[in-house]
There are 2 protein chains.
Amino acid sequence: MTDVEVDFGETGLVPAVAQDAESGEVLMLAYVSPEALARTRETGLAHYYSRSRDELWQKGGSSGHVQRVAEVRVDCDADALLYRVEQEGGACHTGHRSCFYRTVDGEHVGERVFDPEAVYE
Amino acid sequence: MTDVEVDFGETGLVPAVAQDAESGEVLMLAYVSPEALARTRETGLAHYYSRSRDELWQKGGSSGHVQRVAEVRVDCDADALLYRVEQEGGACHTGHRSCFYRTVDGEHVGERVFDPEAVYE
C-alpha cells in the first residue's frame, strides 16, 4: 500500500473529524498540519494544529483527555481527515463527551462527563 | 430555546460533517454558508456551499443521492456543524457510501454502493 498524499492546500491545514471508534459518536472537529499528522501517526495519539494559538498541540496534553488513534482516514479529495479514536474522558473543554452537544436550535443533547473547573486550572 | 449564532468567520463558511443518523458512519465533510444553512433548515435537505464552483448546492440535486437532515448540531465554538442525516444511496461521487473510504496508509476500507458512471453523465 502507498500512503495517500494529503492536500493541505493554501492554508497548510486540513479539517479533521474525531470520531469515537466504538460508538461512532462525532466528538470534535479541529485542524491538522503536516507535522500534526506525522506526530499522530508516530505516537498513536491525536495531534492537531491550533489556528488561534498558532501551534501544534496534543489533544489531552494538559487535561489528560487523550485520544488514542485506531485509524486515520482520508476523504476522496484528500483534503479532510477522519481520526477514529478511543477518547479518554471527554473531548470538549466544556466537560461534554462531544463538542457537538447542542442543536442549532439551542437544544442541549450532549452528555456532560466531567467538571471543567476540576480539570483545567 | 434560542438559536445558536453560528460563527462563519472571515471566510463566511464553516465546515460541516455529515453523519448517518442511524449507523453513525461519517459520510463526508463539506462547507456551509449562511444561505446553505438556512436552506437546509427550511427544506430538511442538506445544502452546502462549493468553494471550487463558488455556489450553493443541494446534496443529491443531480444524482438523487439526497441527505434528509434529522438534526443540525453545532460545536462548542459554534464554528463547525454536524448534519445528522438519512443518506439516499451513497454520499461520495466515487460511488462509496462515505467519502472516507480509505485510510491514510492507502487501505481501502469503505463500501462501494453505486456505479458513478451510471449516476453522473
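Here, the structure is the one placed above.
Bear in mind that the values here come from a model prediction, so they are computed numbers and not experimental data. (Residues numbered from 1 in each chain as written. Chains lettered and ligands numbered in written order. Predicted model: local features only at pLDDT ≥ 70, side-chain atom pairs only at ≥ 80, totals over all residues. Heavy atoms only, no water.)

### Side note on the pattern of salt bridges
And step 1. Scanning the entire structure with this criterion turns up 18 salt bridges over all chains.
And step 2. For the salt bridge of Glu55(A) with Arg53(A), the shortest nitrogen-to-oxygen distance reads 3.2 Å.
And step 3. For Arg68(B), the salt bridge goes to Glu88(B), with nearest N and O atoms at 3.2 Å. Separated by 20 residues along the polypeptide, Arg68(B) in strand β5 (residues 67–74) and Glu88(B) in the loop between β6 (81–87) and β7 (102–103) bring together distant segments of the chain.
And step 4. For Arg68(B), a relative accessible area of 36% puts it in the partly exposed group. (Salt bridge = Lys/Arg side-chain N within 4 Å of Asp/Glu carboxyl O. Helix = DSSP H or I, 4+ residues; strand = E, 2+ residues; numbered from the N terminus. Buried < 20%, exposed > 50% of the residue type's maximum accessible area, 1.4 Å probe, protein only.)

### Examining the sheet that holds β7(B)
Backbone-to-backbone hydrogen bonds join strands into a sheet, with any given pair of strands oriented parallel or antiparallel.
And step 1. Read across the sheet, five strands follow the order β2(A)-β1(A)-β6(A)-β5(A)-β7(B) without closing on themselves; strand pairing throughout is mixed. In this open sheet, the two edge strands, each paired with only one partner strand, are β2 (26–32) of chain A together with β7 of chain B.
And step 2. Here strand β5 (residues 67–74) of chain A pairs with strand β6 (residues 81–87) of chain A via seven bridges, running antiparallel. If you follow Glu71(A) over to β6(A), its bridge partner there is Arg84(A). (Pairing = 2+ DSSP bridges.)

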